[in-house]
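Commentary on secondary and tertiary structure
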Amino acid sequence: EVQLVESGGDMVQPGGSVRLSCVGSGFTLSTYDMNWVRQAPGKGPEWVSAIAPGGGSTNYADSVKGRFTISRDNAKNTVDLQMNSLKPEDAAVYYCNVRNVLNSYWGQGTQVTVSS
């Protein structure tokens, strides 16, 4: 059974930093692109970032480019998202996501609140 468990969500002030982590199990994480997706209250899901299996290729939404960094440790089956210079509009539930040809899998999400 594929499982993704996110952690690290926090409440921070604007300009602060948070590091999210996602641990995967039940599949060979090292062979998949991994994504972070967020959803703010009253809004639809927004793709945030992706990382290739080897970690050599990363992509970011324009809204987070230059502030967020995605990374992975395949030996530990983890994917992290370092978020710096946080803005109020970054507040959301952040989800780890992996897809194969048949399914898309999600964790339970972790809440990030940005407020002064």
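Scroll up for the structure.
Computed from a predicted structure; not experimentally measured.

Conventions and cut-offs
By convention here, each chain's residues receive numbers from 1 onward along its written sequence. With the structure being a predicted model, the display of local features is reserved for residues of pLDDT at least 70 and the display and counting of side-chain atom pairs for 80 or more, all residues being used for whole-chain, interface and lining totals. Computation of side-chain values covers all heavy atoms of the structure but excludes hydrogens and water. What is meant by a nonpolar core is a set of buried Ala, Val, Leu, Ile, Met, Phe, Trp, Tyr and Cys residues, joined one to another through side-chain atoms within 4.5 Å. For every residue, the accessible area obtained with a 1.4 Å probe (protein chains only) is divided by the maximum for its type, and the residue is called buried under 20%, exposed over 50%, and partly exposed between those limits. Helix numbering and strand numbering both begin at the N terminus, where a helix is a DSSP run of H or I of at least 4 residues and a strand a DSSP run of E of at least 2. Note on contacts: a residue pair is in contact if any heavy atoms of the two residues lie within 4.5 Å. Here a pair means two rings of Phe, Tyr or Trp (six-membered ring of Trp) with centres within 6.5 Å. Their orientation is stacked below 30 degrees between planes, edge-to-face above 60, and tilted elsewhere. By this definition, two strands are paired if DSSP reports at least two bridges between them. Throughout, disulfides are identified as pairs of cysteine sulfur atoms within 2.5 Å of each other.

Counting residues in each nonpolar core, the largest one holds 27 residues, and the members touching the most others are Leu-20, Met-34, Trp-36, Phe-68, Leu-81, Met-83 and Tyr-94. Listed by contribution, the elements that provide at least two residues to this core are strand 3 (18-25), strand 4 (34-39), strand 5 (45-51), strand 7 (68-73), strand 8 (78-83), strand 9 (92-99) and strand 11 (110-114). Take this core: its biggest share by element is four residues, from strand 9. Non-local contacts of Phe-68, meaning those with residues more than four positions away in its chain, are made with Arg-38, Val-48, Tyr-60, Leu-81, Gln-82, Met-83, Asn-84, Leu-86, Asp-90 and Tyr-94.

With that settled, consider the packing of aromatic side chains. Inspection of every chain in the model, using the stated rule, returns two aromatic pairs. Both rings, one in Phe-27 and one in Tyr-32, keep their centres 5.8 Å apart while their planes meet at 70°; by these two values the pair is edge-to-face. We classify Phe-27 as buried; its relative accessible area is 15%. Since its relative accessible area comes to 26%, Tyr-32 is described here as partly exposed. Look at Tyr-95 and Trp-106: their rings are 6.2 Å apart centre to centre, the planes differ by 85°, and that puts the pair in the edge-to-face class. Separated by eleven residues along the polypeptide, Tyr-95 in strand 9 and Trp-106 in strand 10 (residues 104-106) bring together distant segments of the chain. Its relative accessible area of 22% is what places Tyr-95 among the partly exposed residues.

Burial along strand 11 is one-sided: Thr-110, Val-112 and Val-114 are buried, and none of Gln-111 and Thr-113, which face the opposite way, are. Relative to strand 11, strand 2 (residues 11-12) runs parallel, the two being bridged by two bridges. Bridge assignment links Met-11 to a residue of strand 11, and that residue is Thr-113. As judged from the three bridges shared by strand 9 and strand 11, these two strands associate in the antiparallel manner. Bridge pairing in strand 11 links Ala-92 to Val-112.

Tallied over the entire structure, the rule returns one disulfide. Each disulfide pairs two cysteine sulfurs, and for Cys-22 the partner residue is Cys-96, the sulfurs being separated by 2.2 Å. In this structure the cystine formed by Cys-22 and Cys-96 twists about its S-S bond by roughly -80°; its chirality is therefore left-handed. Of this pair, Cys-22 sits in strand 3 while Cys-96 sits in strand 9, and the two are 74 residues apart along the sequence. For Cys-22, a relative accessible area of 0% puts it in the buried group.

Here Val-2 is to be found in the segment before strand 1 (3-7). With 24 residues separating them in the primary sequence, Val-2 and Gly-26 have C-alpha atoms 4.4 Å apart. Beyond its immediate sequence surroundings of up to four residues, Val-2 is in contact with Ser-25, Gly-26, Phe-27, Val-98 and Tyr-105.

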